[in-house]
Amino acid sequence: MRYIPFSYRLLFSLLLISVFTSCNDGREKILPSEVTITESVYSSVTIQPDSLYQVYAAVGGILDKNFVDEGDTVSRGMPIAQIINNTPKLNMENAKLNLELAQENYSGSNAIIRALIDEIKAAELKYKNDSVNFTRQKNLWEQNIGSKIEYENRKLAYELSSNNLALLNGNFERTKSELKTKLRQAENNYETSLIATKDFTVESKINGKLYALYKNQGEIVNPMEPIAAIGSATDFIIEMLVDEVDIVKLKVGQTALITLDAYGTKVYTAVLSKIYPRKDERSQTFKIEALFTKLPEILYPGLAGEGNIIVSQKENALTIPKEYLIGENSVKTEEGIIEIVTGIEDMERVEVRSGLDANTYILKPEE
């Protein structure tokens, strides 16, 4: 066995102790710290004008002219576009003719009504005459004057004239009712044709700004496709999409911190104004809206950014970095792994409600 001098053995032992100590001290450990922690919910952000809507034409045709350009200010009732189509105009003229005919028929000046009235007058005269003759013959017969055959003939004539008069009166009322119905239908058709004719001029429904024109002069327009987009010129809303796991934490009135790509790192404050209750199945997100407490200097529809909605905030909260957590509620101390009760959390830190104090070191878990 080779002899190793004491001095070398001592040096080797010290080196081993140094390596062991450096390995032991190399594990990262920290103490929990008391800070103000804010829990927030992340969302994507898109800016849209308030009251933004798609403008549709009520009729089809050819776009004859756009009265305004994109970016122009518009007022309620202001013409936006003019459409041309001869078919509704012809339909309106035909509806007017049908209405005039229906009015004439119902007023009684046509041949049908006049003929019915004349027949009823004649039937009334015959009924009165047969009634008088029957009454006279009946009185004679009761006095045993005249023949039975003559009495029965008078009676039959009276009954026939009575039935005929009732039939003519019923026919007259039925015909008059049918003519009245046709008159109402003609009036409705005429009113509809007038509306269709007026709809050739498309008007703005609000005071605002024209943000988009989808059709150019000479293009075909139909009621299924929008021709423009109009919204508020001064008021904007923040459309935000939130993950379904976070939606239950939100309520109207909460504060949101907004950053827009167009304005770099500048942060704007907003307040939640509306939560849509239906989930988008494709994106698995919920849509919410917020309003700026102070508008940026310039806004355009479609500006994108990010938002953080403040759910809760706590001052002097005992917290640890999330990277020191083992699982959801455990940490490693110099005494071993212990369980803790967590509270609110942000992107980097989590609150410790119990199970750990400010004087206990925690070790960073091994990766």
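As the structure is a computational prediction, the values presented were derived from the model and not from experiment.

### A few points about the overall build of the chain
Inference 1: If you tally the helices and strands in the chain, you get four helices and 20 strands.
Inference 2: The burial tally for the chain puts 29% of its 367 residues in the buried class.
Inference 3: Taking the intrachain contacts of the chain between residues at least 6 apart in sequence as the baseline, contacts between residues at least 24 apart amount to 72%.
Inference 4: Looking at the chain as shown, the accessible area adds up to about 23,800 Å², and 52% of this sits on carbon and sulfur atoms.

### Considering the sheet that holds strand β7 (residues 201-203)
Inference 1: Sheet architecture is open: four strands sit in the order β7-β6-β4-β9, paired in antiparallel fashion. Where the open sheet ends on each side, the last strands, each with one partner, are β7 and β9 (220-221).
Inference 2: As paired elements, strand β4 (residues 61-66) and strand β6 (residues 79-84) share four bridges and run antiparallel to each other. For Leu-63, the partnering residue across the bridge sits in β6 and is Ile-83.

### Comments concerning a nonpolar patch on the surface
Inference 1: On the surface, a cluster of nonpolar side chains totalling about 270 Å² of accessible area is made up of Ile-62, Ile-84 and Ile-220.
Inference 2: Among the secondary structure elements, Ile-62 is positioned in strand β4.

### Some words on unusual backbone geometry
Inference 1: Look at Gln-284: it is not a glycine, yet its phi comes out positive at around 55 degrees.
Inference 2: Looking at the secondary structure, you find Gln-284 in the loop between β13 (267-280) and β14 (285-292).
Inference 3: Taking relative accessible area as the criterion, Gln-284 reaches 28% and is therefore assigned partly exposed.
Inference 4: Backbone geometry places Asn-316, a non-glycine residue, at a positive phi of 55 degrees.
Inference 5: Residue placement: Asn-316 occurs in strand β15 (residues 304-321).
Inference 6: Owing to a relative accessible area of 58%, Asn-316 belongs among the exposed residues under this scheme.

### A closer look at the nonpolar core
Inference 1: In this structure, Ile-47, Ile-238, Met-240, Ile-258 and Ile-309 are the most contacted members of the largest nonpolar core, which totals 22 residues.
Inference 2: Only β2 (33-49), β11 (236-243), β12 (255-260), β13 and β14 provide two or more residues apiece to this core.
Inference 3: Excluding its chain neighbours within four sequence positions, the residues that come into contact with Ile-238 are Val-45, Thr-46, Ile-47, Ile-258, Ala-270, Ile-288, Glu-289, Ala-290, Leu-291 and Phe-292.
Inference 4: In this structure, Ile-83, Val-221, Ile-227 and Ala-228 belong to the second largest nonpolar core, which totals 18 residues.

### Some details on the pairing of β15
Remember that side chains alternate between the two faces of the sheet whenever the strand is regular.
Inference 1: Taken together, the 13 bridges between β2 and β15 define a ladder with antiparallel strand orientation. Bridging across to β15, Thr-38 finds its partner in Gln-313.
Inference 2: Across five bridges, the pairing between β12 and β15 is antiparallel. When the sheet's bridge partners are listed, Ala-256 is paired in β15 with Ile-309.

### What to know about the sheet that holds strand β8 (residues 208-213)
Sheet strands pair via backbone hydrogen bonds, and the direction of the pair is either parallel or antiparallel.
Inference 1: Spatially, β3-β10-β8-β5 is the arrangement adopted by the four strands of the open sheet, whose pairing is antiparallel. Each having just a single partner strand, β3 (53-56) and β5 (73-74) make up the two edges of the open sheet.
Inference 2: As paired elements, β8 and strand β10 (residues 226-231) share four bridges and run antiparallel to each other. When the bridges of β10 are listed, Ala-212 appears paired with Ala-229.

### Focus on the side chain of Thr-319
Inference 1: By the secondary structure assignment, Thr-319 is in strand β15.
Inference 2: One polar contact links Thr-319 to Arg-349, side chain to side chain, over a distance of 2.8 Å.
Inference 3: With residues near it in sequence (within four places) discarded, Thr-319 still touches Pro-32, Ser-33, Val-35, Ile-37, Arg-349, Val-350, Glu-351 and Val-352.

### Details of the confidence of the model for the chain
Inference 1: Taken over all residues, the pLDDT of the chain has a mean of 82, while the share at 70 or more is 87%.
Inference 2: This stretch, residues 1-25, has a pLDDT under 50; its non-local contacts, to residues over four places away or in other chains, come to two contacts.

### Side note on the pattern of salt bridges
Inference 1: Across all of its chains, the model carries eleven salt bridges by this definition.
Inference 2: Across the pair Glu-351 and Lys-314 runs a salt bridge whose closest N-O atoms are separated by 2.5 Å. Separated by 37 residues along the polypeptide, Glu-351 in strand β19 (residues 349-354) and Lys-314 in strand β15 bring together distant segments of the chain.
Inference 3: For Arg-353, the salt bridge goes to Glu-351, with nearest N and O atoms at 3.7 Å.
Inference 4: Taking relative accessible area as the criterion, Glu-351 reaches 3% and is therefore assigned buried.
Inference 5: Three or more residues are tied together by salt bridges with common partners; here these are Glu-39, Asp-246 and Lys-249.

### Thoughts on the environment of Asn-164
Inference 1: Checked against the element boundaries, Asn-164 lands in helix α4 (residues 148-198).
Inference 2: Note on Asn-164: relative accessible area 36%, which makes it partly exposed.

### Structural notes on the pairing of β4
Inference 1: Relative to β9, β4 runs antiparallel, the two being bridged by two bridges. Paired with Gly-61 across the strands is Val-221, a residue of β9.

### A closer look at the packing of aromatic side chains
Remark: the centre distance and the inter-plane angle together describe each pair of aromatic rings, the angle taken between the planes.
Inference 1: Scanning all chains against the criterion turns up two aromatic pairs.
Inference 2: Taking the centre distance of 5.7 Å and the plane angle of 80 degrees together, the rings of Tyr-263 and Tyr-268 count as edge-to-face.
Inference 3: Judged by its relative accessible area of 26%, Tyr-263 falls in the partly exposed class.
Inference 4: Relative to Phe-292, the ring of Tyr-268 has its centre 6.1 Å away and its plane inclined at 80 degrees; by these criteria the two rings are edge-to-face. Here Tyr-268, found in strand β13, pairs with Phe-292, found in strand β14; they are 24 residues apart in sequence, far enough to count as distant. By the burial criterion, Tyr-268 is buried, and Phe-292 matches it.
Inference 5: An aromatic cluster of at least three residues, connected via ring pairs, comprises Tyr-263, Tyr-268 and Phe-292.
Inference 6: Note that Lys-29 overlies the ring of Tyr-361, its terminal NZ or CZ placed 5.0 Å from the centroid.
Inference 7: The ring of Tyr-276 carries Lys-287 above its face, with NZ or CZ at 4.9 Å from the centroid.

Reading the values: the criteria
Residues numbered from 1 in each chain as written. Predicted model: local features only at pLDDT ≥ 70, side-chain atom pairs only at ≥ 80, totals over all residues. Heavy atoms only, no water. Helix = DSSP H or I, 4+ residues; strand = E, 2+ residues; numbered from the N terminus. Buried < 20%, exposed > 50% of the residue type's maximum accessible area, 1.4 Å probe, protein only. Contact = heavy atoms within 4.5 Å. Areas by Shrake-Rupley, 256 points an atom, 1.4 Å probe, with all protein chains shown as cover. Pairing = 2+ DSSP bridges. Patch = residues over 30% accessible without salt bridge, like charges linked within 9 Å, V, L, I, M, F, W, Y side chains within 5 Å. Salt bridge = Lys/Arg side-chain N within 4 Å of Asp/Glu carboxyl O. Core = buried A, V, L, I, M, F, W, Y, C linked by side-chain atoms within 4.5 Å. Polar contact = N/O pair within 3.5 Å; in protein donor to acceptor, adjacent residues only side chain to side chain. pLDDT = per-residue confidence, 0-100. Phe/Tyr/Trp six-rings, centres within 6.5 Å; stacked < 30°, edge-to-face > 60°. Lys NZ or Arg CZ within 6 Å of the ring centre and 35° of its normal.

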